[in-house]
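Listed here are the chains, written in short residue letters.
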Amino acid sequence: MADWLVAHQATVQSTLLVGSFALVAIWETFLPRREFATPLGSRWFSQIALAALGSLVTRLCLPVAAFSMALLAEQHGWGLFNQLTMPSWAACALGVLAIDLGSYAQHRAYHAVPLLWRFHRIHHSDLDVDCGTAIRHHPLETLAAGAFDVALVAAIGAPPLAVILAASLAIVASVFNHGNVRLPQAVDRLMRWIIVTPDMHRIHHSLVVGESNRNFSNGLPWWDHLFGSYQREPVHGHEKMELGIAEARNPADVALWRLLRMPLRQASAPTLSIATLGRPKLSPQSRAGM
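What comes next concerns the included structure.

**A few points about the overall build of the protein chain**
Part 1 of the reasoning: Helix and strand content of the protein chain: 15 helices and zero strands.
Part 2 of the reasoning: The 290 residues of the protein chain split such that 49% are buried.
Part 3 of the reasoning: Long-range contacts, defined here as pairs at least 24 residues apart, represent 76% of the contacts in the protein chain between residues at least 6 apart.
Part 4 of the reasoning: Split by element, the accessible area of the protein chain, about 14000 Å² in all, is 69% carbon and sulfur.
Part 5 of the reasoning: Counting 22 positive and 19 negative side-chain charges, the protein chain places the averaged centre of each group 7 Å from the other.

What follows is the structure in C-alpha coordinates.
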(Lines give C-alpha, C1' and ligand atoms only; values in the text may rest on other atoms or scores of the structure.)
Protein backbone atom coordinates (compact mmCIF):
# COMPACT_ATOMS: atom_id res chain seq x y z
CA MET A 1 0.00 0.00 0.00
CA ALA A 2 2.78 2.41 0.96
CA ASP A 3 4.66 1.69 -2.26
CA TRP A 4 1.50 2.27 -4.29
CA LEU A 5 0.92 5.64 -2.59
CA VAL A 6 4.49 6.71 -3.29
CA ALA A 7 4.21 5.66 -6.94
CA HIS A 8 0.86 7.41 -7.46
CA GLN A 9 1.19 10.41 -5.12
CA ALA A 10 0.23 13.03 -7.72
CA THR A 11 -2.91 11.14 -8.73
CA VAL A 12 -3.89 10.55 -5.10
CA GLN A 13 -3.59 14.21 -4.17
CA SER A 14 -5.42 15.43 -7.28
CA THR A 15 -8.26 12.98 -6.61
CA LEU A 16 -8.50 14.05 -2.97
CA LEU A 17 -8.61 17.72 -3.95
CA VAL A 18 -11.37 17.28 -6.54
CA GLY A 19 -13.32 14.79 -4.42
CA SER A 20 -13.23 16.88 -1.24
CA PHE A 21 -14.25 19.98 -3.17
CA ALA A 22 -17.21 18.19 -4.71
CA LEU A 23 -18.40 16.72 -1.41
CA VAL A 24 -18.07 19.95 0.61
CA ALA A 25 -19.63 22.05 -2.19
CA ILE A 26 -22.67 19.78 -2.22
CA TRP A 27 -22.82 19.80 1.58
CA GLU A 28 -22.71 23.60 1.89
CA THR A 29 -25.32 23.92 -0.85
CA PHE A 30 -27.89 21.92 1.11
CA LEU A 31 -26.79 22.62 4.71
CA PRO A 32 -25.13 26.06 4.74
CA ARG A 33 -23.87 27.53 8.02
CA ARG A 34 -24.24 31.19 6.93
CA GLU A 35 -25.95 33.15 4.18
CA PHE A 36 -23.54 34.37 1.48
CA ALA A 37 -22.97 38.12 1.29
CA THR A 38 -21.37 38.18 -2.19
CA PRO A 39 -22.07 36.48 -5.56
CA LEU A 40 -20.68 32.97 -5.76
CA GLY A 41 -19.64 33.07 -9.43
CA SER A 42 -17.27 36.05 -9.25
CA ARG A 43 -15.70 34.79 -6.03
CA TRP A 44 -15.02 31.35 -7.42
CA PHE A 45 -13.60 32.79 -10.64
CA SER A 46 -11.03 34.65 -8.54
CA GLN A 47 -10.29 31.60 -6.37
CA ILE A 48 -9.68 29.31 -9.35
CA ALA A 49 -7.63 31.92 -11.20
CA LEU A 50 -5.42 32.53 -8.15
CA ALA A 51 -4.91 28.78 -7.66
CA ALA A 52 -3.98 28.30 -11.33
CA LEU A 53 -1.52 31.21 -11.25
CA GLY A 54 -0.01 29.92 -8.02
CA SER A 55 0.49 26.46 -9.48
CA LEU A 56 2.10 27.93 -12.61
CA VAL A 57 4.46 30.24 -10.67
CA THR A 58 5.50 27.42 -8.34
CA ARG A 59 6.24 25.04 -11.22
CA LEU A 60 8.30 27.70 -13.01
CA CYS A 61 10.25 28.98 -9.99
CA LEU A 62 10.68 26.06 -7.59
CA PRO A 63 13.14 23.43 -8.85
CA VAL A 64 11.75 20.60 -6.67
CA ALA A 65 8.55 19.86 -4.79
CA ALA A 66 8.35 18.61 -1.21
CA PHE A 67 7.82 14.99 -2.30
CA SER A 68 10.85 15.10 -4.63
CA MET A 69 12.93 16.59 -1.82
CA ALA A 70 11.84 13.76 0.47
CA LEU A 71 13.09 11.22 -2.07
CA LEU A 72 16.42 13.08 -2.38
CA ALA A 73 16.77 13.33 1.41
CA GLU A 74 16.15 9.61 1.76
CA GLN A 75 18.69 8.73 -0.94
CA HIS A 76 21.43 11.02 0.42
CA GLY A 77 20.75 10.70 4.14
CA TRP A 78 19.82 14.34 4.62
CA GLY A 79 17.82 15.62 7.57
CA LEU A 80 17.23 14.70 11.19
CA PHE A 81 15.15 11.55 10.75
CA ASN A 82 17.71 10.04 8.39
CA GLN A 83 20.34 10.34 11.12
CA LEU A 84 18.24 8.48 13.68
CA THR A 85 17.44 4.79 14.02
CA MET A 86 13.71 4.23 14.40
CA PRO A 87 10.97 2.04 12.92
CA SER A 88 9.65 3.30 9.60
CA TRP A 89 6.12 3.69 11.04
CA ALA A 90 7.49 5.94 13.81
CA ALA A 91 9.44 8.07 11.34
CA CYS A 92 6.33 8.40 9.21
CA ALA A 93 4.08 9.37 12.14
CA LEU A 94 6.60 11.88 13.48
CA GLY A 95 7.08 13.26 9.99
CA VAL A 96 3.36 13.93 9.57
CA LEU A 97 3.25 15.66 12.98
CA ALA A 98 6.34 17.74 12.21
CA ILE A 99 5.00 18.88 8.84
CA ASP A 100 1.63 19.82 10.34
CA LEU A 101 3.39 21.72 13.15
CA GLY A 102 5.50 23.47 10.51
CA SER A 103 2.30 24.52 8.74
CA TYR A 104 1.02 26.02 12.00
CA ALA A 105 4.29 27.92 12.56
CA GLN A 106 4.28 29.18 8.98
CA HIS A 107 0.71 30.39 9.35
CA ARG A 108 1.50 32.33 12.50
CA ALA A 109 4.46 33.91 10.71
CA TYR A 110 2.14 35.09 7.92
CA HIS A 111 0.20 37.10 10.50
CA ALA A 112 3.20 38.33 12.51
CA VAL A 113 5.60 39.46 9.76
CA PRO A 114 4.25 42.55 7.93
CA LEU A 115 5.77 41.59 4.56
CA LEU A 116 4.23 38.11 4.70
CA TRP A 117 0.89 39.52 5.84
CA ARG A 118 0.74 41.72 2.72
CA PHE A 119 0.41 38.54 0.65
CA HIS A 120 -1.54 36.39 3.10
CA ARG A 121 -4.30 38.98 3.52
CA ILE A 122 -5.55 38.07 0.02
CA HIS A 123 -6.70 34.81 1.60
CA HIS A 124 -8.42 36.76 4.40
CA SER A 125 -10.03 39.30 2.08
CA ASP A 126 -12.85 36.91 1.16
CA LEU A 127 -16.13 38.42 2.37
CA ASP A 128 -17.57 34.91 2.64
CA VAL A 129 -15.80 31.70 3.60
CA ASP A 130 -16.54 28.46 1.78
CA CYS A 131 -14.56 25.57 0.32
CA GLY A 132 -13.36 27.87 -2.49
CA THR A 133 -11.55 30.03 0.06
CA ALA A 134 -9.17 27.12 0.64
CA ILE A 135 -7.43 27.83 -2.68
CA ARG A 136 -7.57 31.64 -2.43
CA HIS A 137 -3.87 32.54 -2.10
CA HIS A 138 -1.70 35.08 -3.87
CA PRO A 139 0.64 33.28 -6.34
CA LEU A 140 3.72 34.55 -4.49
CA GLU A 141 2.34 33.24 -1.19
CA THR A 142 1.84 29.85 -2.87
CA LEU A 143 5.47 29.97 -4.03
CA ALA A 144 6.70 30.91 -0.55
CA ALA A 145 4.66 28.09 1.01
CA GLY A 146 6.14 25.58 -1.45
CA ALA A 147 9.68 26.77 -0.71
CA PHE A 148 9.01 26.49 3.04
CA ASP A 149 7.71 22.94 2.64
CA VAL A 150 10.79 21.90 0.64
CA ALA A 151 13.14 23.41 3.25
CA LEU A 152 11.25 21.78 6.13
CA VAL A 153 11.26 18.34 4.50
CA ALA A 154 14.99 18.65 3.79
CA ALA A 155 15.75 19.74 7.37
CA ILE A 156 13.79 16.99 9.13
CA GLY A 157 14.38 14.28 6.53
CA ALA A 158 10.70 13.32 6.45
CA PRO A 159 10.06 9.99 4.68
CA PRO A 160 8.31 10.26 1.30
CA LEU A 161 5.25 8.45 2.67
CA ALA A 162 4.99 11.00 5.50
CA VAL A 163 5.06 13.83 2.98
CA ILE A 164 2.25 12.21 0.97
CA LEU A 165 0.13 11.62 4.07
CA ALA A 166 0.74 15.14 5.42
CA ALA A 167 -0.11 16.71 2.07
CA SER A 168 -3.25 14.59 1.78
CA LEU A 169 -4.33 15.60 5.29
CA ALA A 170 -3.67 19.27 4.48
CA ILE A 171 -5.71 19.15 1.27
CA VAL A 172 -8.77 17.48 2.76
CA ALA A 173 -8.60 19.42 6.04
CA SER A 174 -8.31 22.81 4.32
CA VAL A 175 -11.27 22.21 2.01
CA PHE A 176 -13.33 20.86 4.91
CA ASN A 177 -12.50 23.52 7.50
CA HIS A 178 -13.22 26.35 5.06
CA GLY A 179 -16.60 24.85 4.18
CA ASN A 180 -19.72 26.87 4.83
CA VAL A 181 -21.28 23.77 6.34
CA ARG A 182 -23.45 23.14 9.36
CA LEU A 183 -22.51 20.49 11.92
CA PRO A 184 -24.46 19.52 15.05
CA GLN A 185 -22.76 21.10 18.07
CA ALA A 186 -22.10 17.75 19.70
CA VAL A 187 -20.40 16.45 16.54
CA ASP A 188 -18.37 19.63 16.20
CA ARG A 189 -17.17 19.32 19.81
CA LEU A 190 -16.06 15.72 19.30
CA MET A 191 -14.38 16.39 15.95
CA ARG A 192 -12.34 19.26 17.40
CA TRP A 193 -10.28 16.74 19.34
CA ILE A 194 -8.85 15.31 16.11
CA ILE A 195 -9.32 17.81 13.27
CA VAL A 196 -10.00 21.51 12.74
CA THR A 197 -13.71 22.01 12.09
CA PRO A 198 -15.35 24.73 9.95
CA ASP A 199 -16.72 26.58 13.00
CA MET A 200 -13.29 26.52 14.63
CA HIS A 201 -11.47 27.83 11.56
CA ARG A 202 -14.10 30.40 10.55
CA ILE A 203 -13.18 32.44 13.63
CA HIS A 204 -9.75 32.87 12.06
CA HIS A 205 -11.42 34.75 9.17
CA SER A 206 -13.16 37.26 11.45
CA LEU A 207 -12.93 40.96 10.61
CA VAL A 208 -11.84 41.51 14.23
CA VAL A 209 -8.04 41.29 14.32
CA GLY A 210 -8.02 39.74 17.79
CA GLU A 211 -10.11 36.84 16.47
CA SER A 212 -8.34 36.47 13.11
CA ASN A 213 -5.15 35.93 15.09
CA ARG A 214 -6.62 32.75 16.57
CA ASN A 215 -7.06 29.15 15.44
CA PHE A 216 -4.08 28.96 13.06
CA SER A 217 -4.10 25.16 12.82
CA ASN A 218 -5.16 23.57 9.53
CA GLY A 219 -5.20 19.83 10.08
CA LEU A 220 -4.59 18.86 13.70
CA PRO A 221 -6.13 21.28 16.23
CA TRP A 222 -3.66 20.50 19.03
CA TRP A 223 -1.15 23.23 18.17
CA ASP A 224 -3.57 26.04 18.98
CA HIS A 225 -4.18 24.53 22.42
CA LEU A 226 -0.49 23.92 23.01
CA PHE A 227 0.64 27.42 22.00
CA GLY A 228 -2.28 29.39 23.44
CA SER A 229 -3.94 30.54 20.21
CA TYR A 230 -7.22 28.62 20.53
CA GLN A 231 -10.62 30.35 20.67
CA ARG A 232 -13.74 28.24 20.91
CA GLU A 233 -16.39 30.70 19.67
CA PRO A 234 -16.48 34.20 18.17
CA VAL A 235 -17.55 36.85 20.66
CA HIS A 236 -20.64 37.80 18.63
CA GLY A 237 -21.50 34.31 17.39
CA HIS A 238 -21.05 32.78 13.94
CA GLU A 239 -24.16 34.28 12.36
CA LYS A 240 -23.28 37.88 13.33
CA MET A 241 -19.53 37.64 12.88
CA GLU A 242 -18.24 39.78 10.01
CA LEU A 243 -15.61 38.19 7.78
CA GLY A 244 -12.77 39.65 5.72
CA ILE A 245 -10.34 42.53 6.26
CA ALA A 246 -10.91 46.21 6.94
CA GLU A 247 -9.51 47.49 3.64
CA ALA A 248 -11.75 45.33 1.40
CA ARG A 249 -15.41 45.58 2.36
CA ASN A 250 -17.27 45.22 -0.94
CA PRO A 251 -17.08 42.86 -3.94
CA ALA A 252 -15.32 45.46 -6.14
CA ASP A 253 -12.41 45.53 -3.66
CA VAL A 254 -11.75 41.82 -4.19
CA ALA A 255 -11.85 41.59 -7.99
CA LEU A 256 -9.03 39.43 -9.35
CA TRP A 257 -6.80 42.26 -10.54
CA ARG A 258 -7.19 44.07 -7.21
CA LEU A 259 -6.26 40.89 -5.32
CA LEU A 260 -3.08 40.53 -7.37
CA ARG A 261 -2.15 44.16 -6.62
CA MET A 262 -3.18 44.08 -2.97
CA PRO A 263 0.32 43.32 -1.58
CA LEU A 264 1.46 46.69 -2.97
CA ARG A 265 -1.02 48.51 -0.72
CA GLN A 266 -0.27 49.18 2.93
CA ALA A 267 -2.32 47.06 5.33
CA SER A 268 -4.60 49.12 7.54
CA ALA A 269 -5.01 46.49 10.25
CA PRO A 270 -1.94 45.77 12.42
CA THR A 271 -0.72 42.22 12.90
CA LEU A 272 -0.01 40.77 16.32
CA SER A 273 3.32 39.61 17.68
CA ILE A 274 4.35 36.10 16.76
CA ALA A 275 5.28 35.45 20.39
CA THR A 276 2.52 37.18 22.36
CA LEU A 277 -1.06 36.91 21.25
CA GLY A 278 -2.84 37.50 24.53
CA ARG A 279 -6.10 35.90 25.49
CA PRO A 280 -9.31 36.89 23.73
CA LYS A 281 -12.29 38.26 25.61
CA LEU A 282 -14.94 35.58 25.33
CA SER A 283 -18.64 35.57 25.88
CA PRO A 284 -19.85 33.33 28.74
CA GLN A 285 -21.14 30.65 26.35
CA SER A 286 -17.80 30.51 24.52
CA ARG A 287 -15.94 29.69 27.73
CA ALA A 288 -17.87 26.47 28.23
CA GLY A 289 -16.48 23.27 26.78
CA MET A 290 -13.64 22.84 24.33
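**Quick look at the nonpolar core**
Part 1 of the reasoning: Core analysis: the largest hydrophobic core is formed by 15 residues, its most contacted members being I99, V153, I156, A158 and V163.
Part 2 of the reasoning: Those elements that provide at least two residues to this core are α4 (66-76), α7 (139-156) and α8 (160-177).
Part 3 of the reasoning: Among the elements that take part in this core, α7 stands out by supplying five residues, more than any other.
Part 4 of the reasoning: Grouped together as the second largest cluster of nonpolar side chains are eight residues, L50, W117, A248 and M262 included.

**Quick word on the side chain of H111**
Part 1 of the reasoning: For H111, the position within the fold is in helix α5 (residues 88-112).
Part 2 of the reasoning: A distance of 3.3 Å separates polar atoms of two side chains, one belonging to H111 and the other to H120.
Part 3 of the reasoning: Among the polar contacts made by the side chain of H111, one reaches the side chain of H204 at a distance of 3.1 Å.

**Let's talk about the packing of aromatic side chains**
What characterises a pair of aromatic rings is the spacing of the ring centres plus the angle enclosed by the ring planes.
Part 1 of the reasoning: Enumeration according to the criterion identifies four aromatic pairs in this entry.
Part 2 of the reasoning: Measuring from ring centre to ring centre gives 6.0 Å for F21 and W44, while their planes differ by 75 degrees; the resulting arrangement is edge-to-face. Of this pair, F21 sits in helix α2 (residues 9-30) while W44 sits in helix α3 (residues 40-61), and the two are 23 residues apart along the sequence.
Part 3 of the reasoning: Overall, the relative accessible area of 12% leaves F21 in the buried class.
Part 4 of the reasoning: With 6.1 Å between their ring centres and 90 degrees between their planes, Y104 and F216 make a pair best called edge-to-face. Within this pair, whereas Y104 is found in helix α5, its partner F216 is found in the loop between α11 (209-212) and α12 (222-226), the two being separated by 112 residues in sequence. We note that Y104, like F216, is buried.
Part 5 of the reasoning: Site record: aromatic cluster; members linked through ring pairs are Y104, F216 and F227.

Definitions and limits used
Residues numbered from 1 in each chain as written. Predicted model: local features only at pLDDT ≥ 70, side-chain atom pairs only at ≥ 80, totals over all residues. Heavy atoms only, no water. Helix = DSSP H or I, 4+ residues; strand = E, 2+ residues; numbered from the N terminus. Buried < 20%, exposed > 50% of the residue type's maximum accessible area, 1.4 Å probe, protein only. Contact = heavy atoms within 4.5 Å. Areas by Shrake-Rupley, 256 points an atom, 1.4 Å probe, with all protein chains shown as cover. Lys, Arg positive; Asp, Glu negative; His and termini not counted. Charge placed at Lys NZ, Arg CZ, Asp CG, Glu CD. Core = buried A, V, L, I, M, F, W, Y, C linked by side-chain atoms within 4.5 Å. Polar contact = N/O pair within 3.5 Å; in protein donor to acceptor, adjacent residues only side chain to side chain. Phe/Tyr/Trp six-rings, centres within 6.5 Å; stacked < 30°, edge-to-face > 60°.

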